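Residue-level structural notes
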Amino acid sequence: MPNVKTENILIKILTMEKTITHSQIKQAVEEAYKECKDITGGHNADYIPFLANIDPNLFGISVTLTDGTTFSVGDTEYKFGIESVSKVLTAILVLKQFGAEAVLKQIGADATGLPFNSIFAILLENDHPSTPLVNAGAITACSMVEPKGDSWGKWEAIINNFTDLCGSEAQVIDELYKSESDTNFNNRSIAWLLKNYNRIYDDVDMSLDLYTRQCSVGITASQLAICAATIANGGLNPVTKSQVFARELAPKITTLISAVGFYQNTGDWMYTSGIPAKSGVGGGVMGVYPGVMGVAAFAPPLDDAGNSVKAQAAVKAIMKKLDLGIFNGDNVKVIAD
Ligand code: GLN
């Protein structure tokens, strides 16, 4: 007969229970910051002129747990361009407005395996734009947003949803919006090609403009960590305590992120990091660990696929230090200490 202590250990092993403390998380965030701070490599996005001029040394990490506790280090209150991370937020909005089935049917949930702005991907899958997390699907998502035909009403819906998810307001960086609007020729082609395939459900120019505007929103790493924690927490914002979206939509959005969050590098990212995450060319990375936490990191220099070099390293370092991975099979419990 095993004694109580061995029995407990056995139960723990069988259920793969893993307990981590607040101070372990805080330490992991601080160490990751120190270790990654001086990483060089990559360069700022330059196809959007405004982004080319952002200080490449900015760097911040923020983690928000599903109980609302936040640990931040570095430039976590700096407002950078949210860019493609915005695709996740508006995907949530159309999931809310139309439901999971309609989003699957009208946009899709597949990876393209190609760069974020690929026109080739649209030609290959001419019956749907694949996923709301690449440019094509994100423009389609903007076209779906209700109220149809009402540019201002649609924008209100988009930006209010940002506020609900992030727990505080976010505004467009006017200069970035202008810079993107003046140079978004590839996205204009995408929008009109989608129109050709009947995958734009509102005015084409309006849908493209809404997409460009949402990419130009200034966001902080701490806001993105709260947004990620809201997804990790089944739609309940752990800071404002408001239920932003229905619990059953959380696995849908995390699935989309897992499939294509890093575009053509998503498989490598999932394999090496253990956490679904979405990147943006403004330098942001937003990771979702379901039931546990949201992780956000920001640093402008990007790799060839348009993903922040330092932010990737930072998120990976945190996961490694805490020995976490969503496929590890652990039942993770976080306790205050
Ligand atoms: N606004 C950018 C674009 O459409 C967003 C791209 C990104 O962040 N990957 O090109």
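Description of the structure in this document. Everything numeric here is computed off the predicted structure, so don't read it as measured data.

**Some thoughts on helix H12 (residues 221-232)**
- For H12, which comprises 12 residues, the first-to-last C-alpha distance of 16 Å matches the rise-based estimate of 16 Å (1.5 Å per residue) to within 8%.
- The buried fraction of H12 amounts to 12 of the 12 residues, a majority that puts the element mostly inside the structure.
- Those residues of H12 lying buried are Ala 221, Ser 222, Gln 223, Leu 224, Ala 225, Ile 226, Cys 227, Ala 228, Ala 229, Thr 230, Ile 231 and Ala 232.
- Directly beyond the C-terminal end of H12, a positive phi value near 65° is found at Gly 234.

**Details of the site of the ligand**
- Around the ligand sit Glu 83, Ser 84, Phe 116, Asn 117, Asn 135, Glu 180, Asn 187, Cys 215, Gly 280, Val 281 and Gly 306, and those are all the residues in its vicinity.
- Classifying every residue of the shell around the ligand by side-chain character gives 3 nonpolar, 6 polar and 2 charged.

**Here we look at the sheet that holds strand E7 (residues 284-289)**
- One open sheet accounts for 5 strands, arranged E3-E2-E8-E7-E6; its pairing is antiparallel. Looking at the sheet topology across the chains shown, the edges are occupied by strand E3 (70-74) and strand E6 (277-279). The mean angle between the axes of side-by-side strands here comes to 10°, regardless of whether they run parallel or antiparallel.
- Strand direction decides the pairing type here: strand E2 (residues 60-65) and strand E8 (residues 293-298), joined by 6 bridges, are antiparallel. Its bridge partner lying in E8, Leu 65 is registered against Met 293.
- This element, H12, spans E2, E3, E7 and E8 of the sheet and lies at about 150° to E8.

**Describing helix H13 (residues 250-260)**
- For H13, every residue scored as buried is listed here: Ala 250, Ile 253, Thr 254, Leu 256, Ile 257, Ser 258 and Val 260.
- Tucked into the core, H13 has its buried residues touching helix H4 (86-98), H12, helix H14 (266-273), E6 and E7.

Cut-off values and rules
- Residues numbered from 1 in each chain as written.
- Predicted model: local features only at pLDDT ≥ 70, side-chain atom pairs only at ≥ 80, totals over all residues.
- Helix = DSSP H or I, 4+ residues; strand = E, 2+ residues; numbered from the N terminus.
- Expected span 1.5 Å × (residues − 1).
- Buried ≥ 20, exposed ≤ 12 C-beta atoms within 10 Å, placed from the backbone.
- Near = placed C-beta within 6 Å.
- Nonpolar A, V, L, I, M, F, W, Y, C, P; charged D, E, K, R; others polar.
- Pairing = 2+ DSSP bridges.
- Axes fitted to C-alpha atoms, helices over the stretch in contact; angles between N-to-C directions.
- Contact = placed C-beta atoms within 7 Å.

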